[in-house]
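Fold and contact review
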Amino acid sequence: MADLSINFAGIRAPNPFWLASAPPTNSGAQIHRAFEYGWGGAVWKTIGAPVLNISNRYGGLTLGGQRLQAINNVELISDRPLDVNLREIAEVKRLWPDRAVIVSAMVDADPQAWKDIVMMIEDTGADGIELNYGCPQGMSERGMGAAVGQVPEMCELNTYWVTSVTRLPVIVKLTPNITRITDPAHAALAGGAHALSLINTINSIMKVDLDTLQITPSIGGRGTHGGYAGPAVKPIALNMLSELVTDPQVIRSGVPISGMGGIQTWRDAAEFLLLGAGSLQVCTAVMHYGYRLIDDLTDGLSRWMDDHGFQTIADVTGRAVPQVSTFGQLDLGYQAVARINPDKCIQCNLCYAACNDTAHQCIDLVAPDGVRVNPGFDPRASGKEVALGRPTPQVRESDCVGCALCANVCPVDDCIEMVSVPSGRPHVTWDELTAQRPAVTQTWPAMETYREETGIEIH
């Protein structure tokens, strides 16, 4: 059996799955119950400055009949008294010495305010501190949360105020609401951070109700921006994670990264680990399915690791990172084409519609008797379909540019496969081409000449 235990910046846990700082970690009773289910750790819901939360805090996104593919929240940090939180943190850590208990904190940008709360957190016996520099609503208007995370100088200064007075590992939670995620990461490292975590929620307005004309969620007839999270944000989280794990300064620092943002299944978890995460934080999926989700996460990840011969989480972490590249380093001579498996095709012809209308017009509809149906003809609108039988899509590989749109719109798994084929073109990257023949990347006549030389035809 694979060993799922981790050591993250000195914080040990029996598995990499932590509850993220959010409603699932609002109280000691909740976290105690979560640990009974088997969660490896929990980041306590952010404590700090006094707040008043509002009613009607969440808006959900439904896609294809699937509920809560994303959630928008206008909830603030913990509204429970500071002394109650601190007492419960100590109780949980005393009862669960083998689990990771990290305390998320947020106070005014003042060294004394940070020192005061850090000393209180240390007294609880917690394993670490996570600095919440990401909250995009309510607290940012007060100069906290994202207001700190979006200003590298403030990020560095606040982090230093904490690291200079505590013996605990300090994790800086980064905001995704920024142009370059590496800027606050560098600032956090300069401030002495022992680890990074990302992503926090994305600024958003979920929707407008077309019957009531109200922004959702509506709070007494008004709405505002909130934090967007859930499965729909995973690609954004993975991209930002990849930016950090390939950044030279982050690499040199050697600090671990806790990944979050859309983790709902063990497959999601494996992707974050493969892209360099050393621990995993989960929120929205738990709000949807409850703490019992941990069974699926640990069992699925363990079985997958066994199947691939991975013995520890460290064996998995970062295995996909060498593949991360820039556009300028990609092979312009590589060629893939789409191939449709006729045995799996249900003749919905979505691939044909997508290719013909929005891609490169390289899929034909072919009748059972082998007659090619006019690409501009829609058999669904004519009696000719009855005479010919429903046509089947076929790819003209000579015209296929390998965009893969058809494979992505096809509703049948593995019906359309993108297959590598010889291109007959030189294997060169854009960066190499720019260096070798700069005119080709600067003027269209030079580009057209290069295409003629290498047999590249644009239809």
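Computed from a predicted structure; not experimentally measured.

This part covers the overall build of the protein. Within the protein one finds 17 helices and 21 strands. Taking the principal axes of the C-alpha coordinates as reference, the protein spans close to 80 × 55 × 50 Å. Counting only residues that meet the buried cut, the protein has 49% of its 459 residues in that class. Look at the contacts in the protein between residues 6 or more apart in sequence, and 72% of them connect residues 24 or more apart. Carbon and sulfur atoms make up 51% of the accessible area of the protein, which amounts to about 21,600 Å² in all. Side-chain charges in the protein split into 33 positive and 49 negative, and the spacing between the mean points of these groups amounts to 4 Å.

Attention now goes to the sheet that holds strand E15 (residues 257-260). As summarised here, the arrangement of the eight strands in space is E3-E4-E7-E8-E9-E10-E15-E16, forming a closed barrel in which the pairing is parallel. Strand-to-strand, the axes of this sheet are offset by a mean angle of 25 degrees, without reference to chain direction. Sheet analysis places strand E10 (residues 195-198) next to E15, joined by three bridges and oriented parallel. Across the sheet, the residue bridging to Leu198 is Gly259, located in E15. In the packing of helix H5 (residues 152-163) onto the sheet, contacts are made with strand E8 (128-132) and strand E9 (170-173), and the angle to E9 comes to roughly 160 degrees.

Another aspect to go through is unusual backbone geometry. Most peptide bonds are trans, and most residues other than glycine sit at a negative phi. Here the residue pair Leu198 and Ile199 is connected by a cis peptide bond, since its omega of 5 degrees sits within 30 degrees of zero. When you line up the elements, Ile199 lands in the loop between E10 and strand E11 (202-204). Pro217 follows Thr216 through a cis peptide bond whose omega is 0 degrees. Looking at the secondary structure, you find Pro217 in the loop between strand E13 (215-216) and strand E14 (226-229). For Gln361, which is not glycine, the phi dihedral falls at a positive 50 degrees. Considering the arrangement of structural elements, one finds Gln361 in the loop between helix H13 (350-358) and strand E18 (363-366).

A few words on the side chain of Ser204. Here Ser204 lies in strand E11. Every residue in contact with Ser204, bar those within four places of it in the chain, is listed here: Asn72, Thr224, His225, Gly226, Gly227 and Tyr228.

Side chains of Phe327, Leu330, Leu332 and Trp430 sit close together on the surface and give an oily, nonpolar patch of about 370 Å² of accessible area. Among the structural elements, Leu330 can be located in the loop between helix H12 (313-316) and strand E17 (336-340).

Working definition: two side chains of opposite charge can pair if their charged atoms are close together. Counting across every chain of the model gives 14 salt bridges. Arg57 is paired through a salt bridge with Glu75; the nearest N and O atoms lie 3.5 Å apart. Residue Arg57 is located in the loop between strand E4 (41-48) and strand E5 (58-63), and its partner Glu75 is located in the loop between strand E6 (66-73) and helix H2 (82-95); the two are separated by 18 residues in the primary sequence. For Arg57, a relative accessible area of 25% gives the class partly exposed. According to the relative accessible area criterion, Glu75 is buried, its value standing at 9%.

Burial of strand E20 (residues 392-395) is one-sided: the residues Pro393 and Val395 facing one way are buried, the residues Thr392 and Gln394 facing the other way are not. As paired elements, E18 and E20 share four bridges and run antiparallel to each other. Opposite Leu365, over in E20, you have Pro393 as the bridge partner.

Attention now goes to the nonpolar core. Within the largest apolar cluster, 91 residues are counted, with the highest numbers of intra-cluster contacts made by Trp18 and Trp39. Counting 19 residues, the second largest nonpolar core, distinct from the first, contains Ile340, Ile363, Cys410 and Ile416.

Our next topic: the state of the cysteines. Enumeration according to the criterion identifies zero disulfides in this entry. With no disulfide of its own, Cys355 lies 3.7 Å from the sulfur of Cys362, the closest cysteine sulfur.

Turning next to the packing of helix H9 (residues 266-274) against helix H11 (residues 293-308). At their nearest, the axes of H9 and H11 sit 8 Å apart, and the two run at 60 degrees to each other. The orientation of H9 with respect to H11, classified from their angle, is oblique. The way H9 lies across H11 gives a crossing that is right-handed. Facing Trp266, Ala270, Leu273 and Leu274 of H9, the residues of H11 in contact are Asp296, Leu297, Gly300, Leu301 and Trp304. Its residues assigned to classes, the contact of H9 with H11 comprises seven nonpolar, one polar and one charged.

Conventions we followed
Residues numbered from 1 in each chain as written. Predicted model: local features only at pLDDT ≥ 70, side-chain atom pairs only at ≥ 80, totals over all residues. Heavy atoms only, no water. Helix = DSSP H or I, 4+ residues; strand = E, 2+ residues; numbered from the N terminus. Buried < 20%, exposed > 50% of the residue type's maximum accessible area, 1.4 Å probe, protein only. Contact = heavy atoms within 4.5 Å. Areas by Shrake-Rupley, 256 points an atom, 1.4 Å probe, with all protein chains shown as cover. Lys, Arg positive; Asp, Glu negative; His and termini not counted. Charge placed at Lys NZ, Arg CZ, Asp CG, Glu CD. Pairing = 2+ DSSP bridges. Axes fitted to C-alpha atoms, helices over the stretch in contact; angles between N-to-C directions. Patch = residues over 30% accessible without salt bridge, like charges linked within 9 Å, V, L, I, M, F, W, Y side chains within 5 Å. Salt bridge = Lys/Arg side-chain N within 4 Å of Asp/Glu carboxyl O. Core = buried A, V, L, I, M, F, W, Y, C linked by side-chain atoms within 4.5 Å. Disulfide = S-S within 2.5 Å. Parallel < 35°, antiparallel > 145°, perpendicular 65-115°, else oblique. Left-handed = near helix turned anticlockwise from the far one by under 90°. Nonpolar A, V, L, I, M, F, W, Y, C, P; charged D, E, K, R; others polar.

Function-wise, these values are silent; they only describe arrangement.
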